Amino acid sequence: MEKMHNAHYFSLSSQGNIYTVTILRLANNTNKLLVASLRREIIYFEYLQGPTGILIPSTKEVSFTYLPKGAEIISMDAFNKSETANDFVIGITIIKNSTDLHALETFLNIYSGWEETKDFNMEVISQNCLNNIELKYIPYQLTHTFLTVWLGDNLLNKEIVFLLSGSDCKIHMYQENKLNHTYKEMEIGEYFPEFLKPPTVVMWMDIYYYSEYSKRLTAFGCECGYMRLCCVNVKISTILYNFSTDFNNTISSVYIYPNERNFKQPTFIKDVYAMEPKENTDPVINLIVTNTLLPPVCFRDILRHGLRRYDALPRLDLTSVLTSTEIANVNFDGSNQIFIGTSNHELIAYEWDGEEWFVSNIRTFASPIFGVKYHDITGDGVKELIVLTMKGIIILQHDISNVNEVLLNKLKTISIPDIKRLTLN
């Protein structure tokens with residue numbers, strides 16, 4: 001992180017929260033940013049290529065329909081239903097202001113827009129509200145995941161659904177009705193049995209599919225500090241194992257991630273240099289649990305060890321609140337770093353030395369941090385750190401000279417033969 005510099009900053013009219021920043025992944029493999037503040041302001045951010053080829057940051061406020069004046073935005077999420085076109089669905093939860101706490105009105109607005117080409121028009125989506133669903137609870141995290149239907153060993157259907165946690169201590173699922181293109185709440189127990197009966201409000205949930213979508217890991221953390229980890233056989237919708245623990249303080253985020261990322265081998269690689277495909281074995285998957293007051297905890301290889309094998313990350317300031325988590329390989333060394341945002345204006349980077357986690361870098365900002373994302377938003381093939389603070393968004397970009405140096409060293413490694421291993425035979 002020390003070799004990253006501030007590329008851009010834009011302010012918000014009011015603060016957001018841990019649920020109000022989302023990434024739009026377009027069909028042409030570029031990413032756009034959507035950020036909401038509590039006072040109904042939604043900012044669309046992208047980098048545009050200028051006439052001389054220089055990237056120019058572009059920020060504009062988008063007016064979504066059915067967001068009444070005075071309403072407060074609580075959470076937001078978005079996904080692209082298509083892999084070849086831009087068929088986006090955006091969900092926004094709001095609370096209408098009222099002087100009577102017993103008469104608060106809450107809604108889930110769902111917007112959608114489809115483009116025949118790979119061009120993207122946010123204005124079209126913002127004016128096309130499919131649903132204005134009145135809720136009977138206060139909304140919290142809005143996220144999405146795959147809903148899969150199996151018949152024996154055959155995957156019949158895979159679609160994306162919204163999951164929304166509420167003040168009623170339940171997780172609600174909203175699925176699209178294909179006939180009239182609207183979303184409706186569906187019974188969740190049949191498809192996601194692991195979400196039944198959380199003890200208190202679910203503050204954060206994360207879902208990770210593996211083994212070709214036949215199994216999934218689900219983790220969620222509650223306001224009371226309770227955390228549950230489940231492994232589910234998706235084919236028969238049965239919980240294989242269920243672990244839980246209690247952290248005694250509010251959990252701000254849970255994050256499931258694999259130890260290694262699997263990338264598709266390029267087709268131009270010659271057969272003599274091609275790597276043999278690995279056997280279909282279960283991956284090594286880890287879980288990060290961020291508690292607002294206690295040290296973050298990394299549970300390692302949860303498929304084999306559950307919650308038994310864990311490490312506590314160093315807690316630097318006992319008075320700050322830990323708000324957000326991101327996993328990123330900013331050093332380009334193949335190993336993941338853990339980034340924790342705090343209310344003390346700090347973004348803390350942790351690295352693993354083979355025996356324990358240590359603080360490798362700390363970056364200080366002007367205001368508390370609510371969210372951290374690591375995505376390629378400039379479209380140059382290199383990801384950026386996107387930091388949501390109380391005052392606005394900061395884009396941290398890699399130093400281009402360092403990127404070039406790392407790239408050249410890697411090219412030399414794979415292209416220059418090892419002379420010591422060469423023989424006349």
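Residues numbered from 1 in each chain as written. Predicted model: local features only at pLDDT ≥ 70, side-chain atom pairs only at ≥ 80, totals over all residues. Heavy atoms only, no water.

Peer 1: Pulling in residues and values, what's your account of the sheet that holds strand β5 (residues 55-61)?
Peer 2: A sheet is described by the order of its strands in space; here four strands give the open sequence β2-β3-β4-β5, paired in antiparallel fashion. Looking at the sheet topology across the chains shown, the edges are occupied by β2 (21-25) and β5. Neighbour-to-neighbour, the strand axes of the sheet open up by a mean angle of 25°, direction not taken into account. Where β2 and strand β3 (residues 31-36) come together, five bridges link them in antiparallel fashion. (Pairing = 2+ DSSP bridges. Helix = DSSP H or I, 4+ residues; strand = E, 2+ residues; numbered from the N terminus. Axes fitted to C-alpha atoms, helices over the stretch in contact; angles between N-to-C directions.)

Peer 1: Can you tell me about the pairing of strand β26 (residues 369-375), naming the residues and giving the values?
Peer 2: Burial of β26 is extensive: six of the seven residues sit out of reach of the surface. With six bridges joining them, β26 and strand β27 (residues 384-389) adopt antiparallel strand pairing. For G371, the partnering residue across the bridge sits in β27 and is L388. (Buried < 20%, exposed > 50% of the residue type's maximum accessible area, 1.4 Å probe, protein only.)

Peer 1: Account for the nonpolar core, naming residues and giving values.
Peer 2: Ranked by internal contacts, the top residues of the largest apolar core, which has 25 residues, are L217, M227, V254, I285, L287, V289 and F299. It is strand β14 (residues 202-210) that provides the largest number of residues to this core, a total of four residues. In terms of nonpolar packing, the next biggest core, distinct from the first, is built from 23 residues, L26, I92, I94 and Y111 among them. (Core = buried A, V, L, I, M, F, W, Y, C linked by side-chain atoms within 4.5 Å.)

Peer 1: Describe the sheet that holds β14, naming the residues involved and giving the relevant values.
Peer 2: Pairing in this open sheet of four strands is antiparallel, and the strands run β14-β15-β16-β17 from one edge to the other. The strands lining the two open edges of the sheet, one partner per strand, are β14 and β17 (238-246). Taking the axes of each pair of neighbouring strands and ignoring which way they run, one obtains an average angle of 15° across the sheet.

Note that every value here comes from positions in space, so none of it alone points to a role or purpose.
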